[in-house]
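Listed here are the chains, written in short residue letters.
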Amino acid sequence: MNQYTPPKVWTWNKANGGTFASINRPVSGPTHDKELPVGKHPLQLYSLATPNGVKVTIMLEELLALGHKGAEYDAWLIRINDGDQFGSGFVEVNPNSKIPALMDRSGPKPIRIFESGSILVHLAEKFGEFLPTEQPARAETLSWLFWQVGSAPYLGGGFGHFYAYAPEKIEYAIDRFAMETKRQMDVLDRRLATSEYLGGDAYTIADMAVWPWYGGLAKGRMYNDAGEFLSVQEYRHVQRWADAIDARPAVQRGRMVNRAFGEPAMQLHERHDASDFDTKTQDKLAAE
């Protein structure tokens, strides 16, 4: 491998980023004019069923399962590989051009919320669910929520990128981030050895945030054969926790929303009503 010597001043003169090179650029802001659609519900979600997107659809489906009618929502598909996140309407909701983004139109003035952790806290406080109000359970839940926010980039942008998406396999980079990912899995496993859920005895937004990333890794859903490569079966407490959350009906529905890959029966590109799960998955639409 040729030795790379960084120039004194970096310039953007070629695409980089492997699989996602087409959406990487060193500047922010919109690339084109495109207004966002607005549906009939107060909550308007613009997303894709990546781990970060799934956090929010799980939360919304869990709130609906508890009977919170105000949590009804329209979920609009943002195809990040097509650059939808750089449309002017999306950038107005999230200047960082990342999914998910939420508009809460339930009050006199619309509220934009971006970053998945912020959306989870907003919804938890709005509906009084899945975030303890008493200490120390509240602090524990928020600590694990923000543990995920700080840790997952090493799993996704670090390990996942260099293991599965980079245009060439770099041993140093894969080893560096595999080591960190396994350390993080061990952190979770030690916590879950003494606690049913991350925040304590109750299922909270901490679990909803961590599960799509680390539960997905534990169940072999991430980065092709990464589960075998990282020996994820070793983390038996994470496996127990991941299976328990997998079994929740709201989680199963949440995984389907804004999903544009995988089995057609698991893809619900847009969600505007609970009946859409029965009538508008891609297998049903293809059969019409």
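Residues numbered from 1 in each chain as written. Predicted model: local features only at pLDDT ≥ 70, side-chain atom pairs only at ≥ 80, totals over all residues. Heavy atoms only, no water.

- Where an unreviewed UniProt entry is consulted, the protein appears under the name GST-like protein, with the organism given as Mesorhizobium tianshanense.

1. Description of the overall build of the protein
Then, in step 1: What the protein contains, in helices and strands, is eleven helices and four strands.
Then, in step 2: On C-alpha atoms alone, the protein measures out to a radius of gyration of 20 Å, which is about the 19 Å that the 2.2 N^0.38 rule sets for 288 residues.
Then, in step 3: For the C-alpha atoms alone, the extent of the protein along its principal axes is close to 60 × 50 × 45 Å.
Then, in step 4: Within the protein, buried positions represent 50% of all 288 residues.
Then, in step 5: Summarising the internal contacts of the protein: among those between residues at least 6 apart in sequence, 65% fall at separations of at least 24.
Then, in step 6: One finds the centroid of the 31 positive side-chain charges in the protein at a distance of 3 Å from the centroid of its 36 negative side-chain charges. (Helix = DSSP H or I, 4+ residues; strand = E, 2+ residues; numbered from the N terminus. Rg over C-alpha atoms; globule rule 2.2 N^0.38 Å. Buried < 20%, exposed > 50% of the residue type's maximum accessible area, 1.4 Å probe, protein only. Contact = heavy atoms within 4.5 Å. Lys, Arg positive; Asp, Glu negative; His and termini not counted. Charge placed at Lys NZ, Arg CZ, Asp CG, Glu CD.)

2. Here we look at the packing of helix α3 (residues 116–127) against helix α4 (residues 137–165)
Then, in step 1: Where α3 meets α4, the axes come as close as 11 Å, and the angle between the chain directions of the two elements is 155 degrees. Judged on the interaxial angle alone, α4 and α3 are roughly antiparallel. Handedness of the α3/α4 crossing: right-handed. Judged by residue contacts, G117, L120, V121 and E125 of α3 engage R138, L142 and L145 from α4.
Then, in step 2: A breakdown of the residues in the contact of α3 with α4 according to their chemical character gives four nonpolar, one polar and two charged. (Axes fitted to C-alpha atoms, helices over the stretch in contact; angles between N-to-C directions. Parallel < 35°, antiparallel > 145°, perpendicular 65-115°, else oblique. Left-handed = near helix turned anticlockwise from the far one by under 90°. Nonpolar A, V, L, I, M, F, W, Y, C, P; charged D, E, K, R; others polar.)

3. Here's the deal with the side chain of T204
Then, in step 1: Examined against the element boundaries, T204 turns out to sit in the loop between α5 (171–192) and α6 (205–218).
Then, in step 2: Excluding residues that lie within four positions of it along the chain, T204 makes contacts with F130, P132 and T141.

4. Looking at the packing of α4 against α6
Then, in step 1: Two elements in contact, α4 and α6, have axes whose closest approach is 8 Å; the angle formed by their N-to-C orientations is 30 degrees. Relative to α6, α4 is oriented roughly parallel. For the crossing formed where α4 meets α6, the hand is left-handed. On the side of α4, the interface is formed by T141, W144, L145, W147, Q148, S151, A152, L155 and G156, while α6 contributes I205, A206, A209, V210, W213, Y214 and L217.

5. Considering the pairing of strand β1 (residues 43–47)
Then, in step 1: The buried fraction of β1 amounts to five of the five residues, a majority that puts the element mostly inside the structure.
Then, in step 2: Of the two faces of β1, both are covered, the one formed by L43, L45 and S47 as well as the one formed by Q44 and Y46.
Then, in step 3: In the sheet, β1 pairs with strand β2 (residues 73–77) via five bridges, with the strands oriented parallel. Within β2, the residue paired with Y46 across the bridge is W76.
Then, in step 4: Each parallel crossover has a hand, and the one from β1 via helix α1 (residues 51–65) to β2 is right-handed.
Then, in step 5: The pairing of β1 with strand β3 (residues 101–104) spans four bridges and is antiparallel. The residue of β3 that forms the bridge with Y46 is A101. (Pairing = 2+ DSSP bridges. Right-handed = clockwise from strand over helix to strand, strands pointing away.)

6. Points about the layout of surface pockets
Then, in step 1: When its volume is computed, the second largest pocket comes out at roughly 160 Å³.
Then, in step 2: Along the walls of the second largest pocket sit K34, E35, L36, P37, Y46, W76, L77, I78, D84, G87, F90 and E270, which together make up its complete lining.
Then, in step 3: Among the residues making up the lining of the second largest pocket, the classes are represented as seven nonpolar, one polar and four charged. (1 Å grid on protein atoms, 1.4 Å probe; cavity = no way out; pocket = protein on both sides within 12 Å on 5 of 7 lines; lining within 4 Å. Points joined across faces, edges and corners; volume = space filled by probe spheres on them.)

7. A closer look at the UniProt feature "domain: GST N-terminal" (unreviewed entry) in the protein
Then, in step 1: UniProt records the feature "domain: GST N-terminal" (unreviewed entry) at residues 44–131, using the numbering of this structure.
Then, in step 2: As annotated, residues 44–131 has a helix share of 38% and a strand share of 19%, and its two end C-alpha atoms lie 22 Å apart. (UniProt positions renumbered as here; feature names shortened; annotations may be inferred.)

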